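# Coordinate analysis (summary)
As a plain string of letters, each chain reads:
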Amino acid sequence: IGVDEIFLRTGFLRMSFRKKLDVVPGYMFDETTVYTPITGPRFIKRIQDYAERTFGVGLCMWRGRWGVPFNPIPNPGRYVHGVGRVISYDSVKHLGEDEAVSKWLEEVTAEIKRLFVELQEREGRRKDVELKVTVLQSRRAKEVKKKNE
């Protein structure tokens, strides 16, 4: 059995709640082949780690078509992208922020899984591949957890 794994963060849900916006989940097969990550000297990883720690921003360094660094033209391939149903702000506006984010996270996860199966069937993809969704803890959640210990 194969596994496709995605990593979700909750910051976009928190921001959507604060701005009173709806959320539209999506899924894309083979997104890891669109661009090739730049790896190499250790200093590149250090720069990325520094930016992540200091600014909370992940610096992506990639090569596009023809191996050109930061080329916006993707590598050739057949990329399948699906857009899920709208998850309305109205369904969570009566909740507090943390409860709303938790509820939305459940709905987003369920919708991405539904979309994965739908695209798998429509595109004739292998049926023995399952989707694993991993929720990454935000810095805020880690700090609260650490403070409560």
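Further up the page is the structure itself.
Sequence order as written defines the numbering, with residues in each chain counted from 1. For a predicted model such as this one, the threshold for reporting local features is a pLDDT of at least 70, and the threshold for listing and counting side-chain atom pairs is 80 or more; totals across whole chains, interfaces and linings nevertheless cover every residue. To obtain the side-chain values, all non-hydrogen atoms of the structure were included, while hydrogens and water were left out.

## What to know about the overall build of the protein chain
- Scanning the protein chain from terminus to terminus reveals four helices and six strands.
- Here the C-alpha coordinates of the protein chain stretch approximately 50 × 45 × 30 Å along the principal axes.
- In the protein chain, buried positions account for 29% of the 149 residues.
- Whether two residues are in contact is decided by their heavy atoms, any of which lying within 4.5 Å being enough. For the protein chain, the share of sequence-separated contacts (at least 6 apart) that also reach a separation of at least 24 residues comes to 72%.
- A total accessible area of about 10,400 Å² is found for the protein chain, and carbon and sulfur atoms account for 56% of it. A run of H or I in DSSP becomes a helix once it reaches four residues, and a run of E becomes a strand once it reaches two; helices and strands are each numbered from the N terminus. For every residue, the accessible area obtained with a 1.4 Å probe (protein chains only) is divided by the maximum for its type, and the residue is called buried under 20%, exposed over 50%, and partly exposed between those limits. Residue burial considers only the protein chains on display, and all accessible areas are found by Shrake-Rupley using a 1.4 Å probe.

## A look at the pattern of salt bridges
- Salt bridge, as used here, is a side-chain nitrogen of Lys or Arg placed within 4 Å of a carboxyl oxygen of Asp or Glu. Here the structure, examined in full by the defined rule, presents eleven salt bridges.
- The partner of Asp90 in a salt bridge is Lys93, with the nearest N and O atoms 3.6 Å apart.
- Salt bridges sharing partners connect three or more residues here, namely Arg14, Arg18, Glu97 and Asp98.

## Digging into the packing of helix H1 (residues 11-19) against helix H3 (residues 97-122)
- Interaxial distance between H1 and H3 falls to 9 Å at its minimum, and their mutual angle equals 120°. Considering the angle they form, H1 stands oblique to H3. Both H1 and H3 take part in a crossing whose hand is right-handed. Each of Leu13, Arg14, Ser16, Phe17 and Arg18 in H1 lies in contact with H3, whose residues at this interface are Glu97, Asp98, Ala100, Val101, Trp104, Leu105 and Val108.
- Gly falls in the polar group here, along with every residue not listed as nonpolar (Ala, Val, Leu, Ile, Met, Phe, Trp, Tyr, Cys, Pro) or charged (Asp, Glu, Lys, Arg). Partitioned by chemical class, the residues of the contact of H1 with H3 number seven nonpolar, one polar and four charged. The axes used here are C-alpha line fits, helices contributing only the stretch in contact, and every angle between their N-to-C directions lies in the interval 0 to 180 degrees. Oblique is the label for every angle not falling under 35 degrees (roughly parallel), over 145 degrees (roughly antiparallel), or within 65 to 115 degrees (roughly perpendicular). Handedness of a crossing follows from how the near helix is turned relative to the far one, being left-handed for an anticlockwise turn of less than a right angle and right-handed for a clockwise one.

## So, the packing of aromatic side chains
- Only rings of Phe, Tyr and Trp enter the pairing, Trp through its six-membered ring, and a pair is recorded when the two centres are within 6.5 Å. The plane angle decides the type: under 30 degrees is stacked, over 60 is edge-to-face, the rest tilted. Within the structure shown, the criterion is met by seven aromatic pairs.
- Between Phe17 and Tyr89, the ring centres sit 5.8 Å apart and the planes meet at 50°, which makes this aromatic pair tilted. Of this pair, Phe17 sits in helix H1 while Tyr89 sits in the loop between strand E5 (80-83) and H3, and the two are 72 residues apart along the sequence.
- On the accessibility criterion, Phe17 (11% relative accessible area) is buried.

## Comments concerning the environment of Ile47
- Locating Ile47 in the fold gives a position in helix H2 (residues 42-55).
- Taking the relative accessible area as the measure of exposure, Ile47 reaches 38% and is therefore partly exposed.
- Not counting the four nearest positions on each side in its chain, Ile47 is found in contact with Leu59 and Met61.

## Things to note about the nonpolar core
- Working definition of a nonpolar core: buried Ala, Val, Leu, Ile, Met, Phe, Trp, Tyr and Cys residues. They are joined through side-chain atoms within 4.5 Å. In terms of nonpolar packing, the biggest core is built from 22 residues, with Leu13, Tyr27, Trp104, Val108 and Ile112 touching the most fellow members.
- For this core, the secondary structure elements donating two or more residues are strand E1 (2-8), H1, strand E2 (26-29), H3 and strand E6 (129-135).
- A per-element tally of this core places H3 first, with nine residues.
- Those residues in contact with Tyr27 that sit more than four places away from it in its chain are Asp4, Ile6, Val80, His81, Gly82, Ile112, Leu115, Phe116, Leu119 and Leu131.

## Structural notes on unusual backbone geometry
- Even without being a glycine, Lys20 presents a positive backbone phi close to 60°.
- Its place among the elements puts Lys20 in the loop between H1 and E2.
- The class for Lys20 is exposed, based on a relative accessible area of 57%.
- The phi torsion at Trp66 lies on the positive side, around 65°, for a residue other than glycine.
- Relative to the helices and strands, Trp66 resides in the loop between strand E4 (62-63) and E5.

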